[in-house]
Amino acid sequence: MSFIGNLIWFLLGGFLLGLGWIIAGILWCITIIGIPLGIQCFKIAGVAMFPFGRQIVNNGSAMSLLLNILWICISGVELAVAHLIIGLLFCITIGITIVGIPFGKQHFKLAQVALIPFGTYTF
């Protein structure tokens, strides 16, 4: 199921979503201070392209807490809210046919990673 879900996700927008995260990561890595933020963007890009079958584990330290606070102040809330709204739309409008609910759940997963990427591991 995860292969088919990832294939449909990738073809119907996951590629563009991941590409946006890759571009954001490259732009962050231009500055030395932004390299840790850019690395997190690359990590989120992998999850954004192929979210099905991935688990998210939060295991943060004091340093990751400080970086997450910085991330939230810069853009974390906006990105997480965007994924939450898209996930709700998938669950409500397309979910009537039961097809959109798994895709909405993946957007909820992406919202979690977009809000607090530091100290979050995906496998």
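First, a word on scope: everything that follows refers to the structure included in this document. Remember, it's a predicted structure, so these values are computed and weren't measured experimentally. (Residues numbered from 1 in each chain as written. Predicted model: local features only at pLDDT ≥ 70, side-chain atom pairs only at ≥ 80, totals over all residues. Heavy atoms only, no water.)

### Here we look at the nonpolar core
Stated formally: Here, the term nonpolar core denotes a set of buried Ala, Val, Leu, Ile, Met, Phe, Trp, Tyr and Cys residues that are joined through side-chain atoms within 4.5 Å. Here the term buried applies to any residue with accessible area under 20% of the maximum for its type, exposed to any over 50%, and partly exposed to those in between, with areas from a 1.4 Å probe on protein chains only. Secondary structure is summarised from DSSP: a helix means a run of H or I of at least four residues, a strand means a run of E of at least two, and numbering begins at the N terminus for each. We call two residues contacting when some pair of their heavy atoms lies within 4.5 Å.
One finds Trp9, Trp21, Ile44, Trp71 and Leu110 to be the most contacted residues of the largest nonpolar core, which totals 16 residues. Listed by contribution, the elements that provide at least two residues to this core are α1 (2-29), α2 (35-49) and α4 (100-115). A per-element tally of this core places α2 first, with six residues. Excluding its chain neighbours within four sequence positions, the residues that come into contact with Trp21 are Cys41, Ile44, Ala45, Ala48, Trp71, Leu79, His83 and Ala114.

### Some thoughts on α2
Under the convention used in this document: For a helix, the expected span equals 1.5 Å multiplied by the residue count minus one.
In this model α2 runs 21 Å from its N-terminal to its C-terminal C-alpha over 15 residues, within 8% of the 21 Å that 1.5 Å per residue would give. Taken together, the buried positions of α2 are occupied by Leu37, Gly38, Gln40, Cys41, Ile44, Ala45, Val47, Ala48 and Met49. Buried residues along α2 sit against α1, α3 (62-94), α4 and β2 (120-122).

### Remarks on the side chain of Ser64
With respect to the helices, strands and loops of the structure, Ser64 is situated in helix α3. In this structure Ser64 comes out as buried when scored by relative accessible area, which is 9%. Residues in contact with Ser64, not counting those within four places in the same chain, are Phe118 and Gly119.

### A closer look at the layout of surface pockets
Rules: Two kinds of site are reported from a 1 Å grid over the protein atoms alone, namely cavities, where a 1.4 Å probe fits but cannot get out, and pockets, open sets with protein on both sides within 12 Å along at least five of seven lines, and residues are called lining when an atom falls within 4 Å of a point. Grid points are joined across faces, edges and corners, and a volume is the space filled by probe spheres set on the points. Amino acid classes used here: Ala, Val, Leu, Ile, Met, Phe, Trp, Tyr, Cys and Pro are nonpolar; Asp, Glu, Lys and Arg are charged; the rest, including Gly, are polar.
Within this model, the largest pocket holds a volume of roughly 210 Å³. Per-element tally for the lining of the largest pocket: the top contributor is α1, with six residues. Here the lining of the largest pocket is composed, by residue class, of nine nonpolar, four polar and no charged.

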